[in-house]
Amino acid sequence: MNDPLFAGINRVKDPKALTDLEKKHQPTIAAPAQVKAREPFAVTITVGQSMPHPDEGGHWIQWVELYAGEAYLARADLSATVSGTPVTFTLKLNQDTDLVARARCNLHGIWENRIPIKVE
Ligand SMILES: [Fe+2]
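Below is a short write-up of the structure. (Residues numbered from 1 in each chain as written. Predicted model: local features only at pLDDT ≥ 70, side-chain atom pairs only at ≥ 80, totals over all residues. Heavy atoms only, no water.)

Let's talk about the coordination of the iron ion
1) Next: Looking at the iron ion, one finds its protein donor set to be His25 (NE2), His53 (NE2), His59 (NE2), Cys105 (SG) and His108 (ND1), positioned 2.1 to 2.3 Å from the metal centre.
2) Next: A residue is classified by how much of its surface remains accessible, and Cys105, at 1% relative accessible area, is buried. (Donors = N, O, S within 2.8 Å, 3.2 Å for Na, K, Ca; no water. Buried < 20%, exposed > 50% of the residue type's maximum accessible area, 1.4 Å probe, protein only.)

Observations regarding the pairing of strand β6 (residues 71–77)
1) Next: Direction of pairing for strand β5 (residues 61–68) relative to β6: antiparallel, over a ladder of six bridges. Within β6, the residue paired with Glu65 across the bridge is Arg75.
2) Next: Counted along the chain from β5 to the antiparallel partner β6, the turn is two residues long, and its residue Gly69 has a positive phi close to 65°. (Pairing = 2+ DSSP bridges. Helix = DSSP H or I, 4+ residues; strand = E, 2+ residues; numbered from the N terminus.)

A short note on the packing of aromatic side chains
1) Next: Counted according to the given criterion, the structure contains one aromatic pair.
2) Next: With centroids separated by 5.8 Å and ring planes inclined at 75°, the aromatic side chains of Tyr67 and Tyr72 adopt a geometry described as edge-to-face.
3) Next: The positively charged end of Arg102 is found above the aromatic ring belonging to Tyr67, 4.4 Å away from the centroid. (Phe/Tyr/Trp six-rings, centres within 6.5 Å; stacked < 30°, edge-to-face > 60°. Lys NZ or Arg CZ within 6 Å of the ring centre and 35° of its normal.)

With respect to the environment of Arg114
1) Next: Inspection of the secondary structure assignment puts Arg114 in strand β9 (residues 109–119).
2) Next: Taking the relative accessible area as the measure of exposure, Arg114 reaches 33% and is therefore partly exposed.
3) Next: As for Arg114 and Ala101, which are separated by 13 residues in sequence, their C-alpha atoms are 6.2 Å apart.
4) Next: Separated by 3.3 Å, the side chains of Arg114 and Asp98 make a polar contact. (Polar contact = N/O pair within 3.5 Å; in protein donor to acceptor, adjacent residues only side chain to side chain.)

Observations regarding the pattern of salt bridges
1) Next: Taken as a whole and assessed by the stated rule, the structure comprises ten salt bridges.
2) Next: For Lys36, the salt bridge identified is with Glu120, shortest N-O distance 3.0 Å. Taken as a pair, Lys36 in the loop between β3 (34–35) and β4 (41–47) and Glu120 in the segment after β9 lie far apart in primary sequence, 84 residues in all.
3) Next: In this structure, Asp96 engages Lys118 in a salt bridge whose closest nitrogen and oxygen atoms are separated by 3.2 Å. Pair noted here: Asp96 is in the loop between β7 (87–91) and β8 (97–105) and Lys118 is in strand β9, with a separation of 22 residues, a long-range link.
4) Next: Since its relative accessible area comes to 40%, Asp96 is described here as partly exposed.
5) Next: Within this structure, Arg11, Glu70, Asp98, Arg102, Glu112 and Arg114 form a network of salt bridges that share partners. (Salt bridge = Lys/Arg side-chain N within 4 Å of Asp/Glu carboxyl O.)

Laid out in structure tokens, this is it:
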């Protein structure tokens with residue numbers, strides 16, 4: 001992607017061979033593969049599912065955002081030591097899309113992941 005708005009976003013390079021940095025920062029999206037149009041469902045985003053990310057004073061996940069494609073949906077701002085992921089949002093969609101999660105580590109930048117979701 002050449003859009004400068006997304007130039008600084010990190011993504012896993014090889015999903016079959018994650019580095020430790022990728023394991024600690026990749027947001028994982030848990031959602032149904034298929035949902036009914038305009039009916040609420042839960043989407044849970046977890047950072048560091050396969051290798052815990054530190055959540056301490058000088059190093060933590062500052063926020064998590066959720067998008068439908070490039071359309072902004074929701075954001076959770078997190079504290080350094082008290083709050084963290086997983087974060088769950090409730091959505092209602094009316095068409096097929098990619099759910100895109102972005103999470104920002106204060107030291108290691110923005111990390112993105114996406115999954116397709118079908119709407120019937
Ligand atoms: Fe980090």
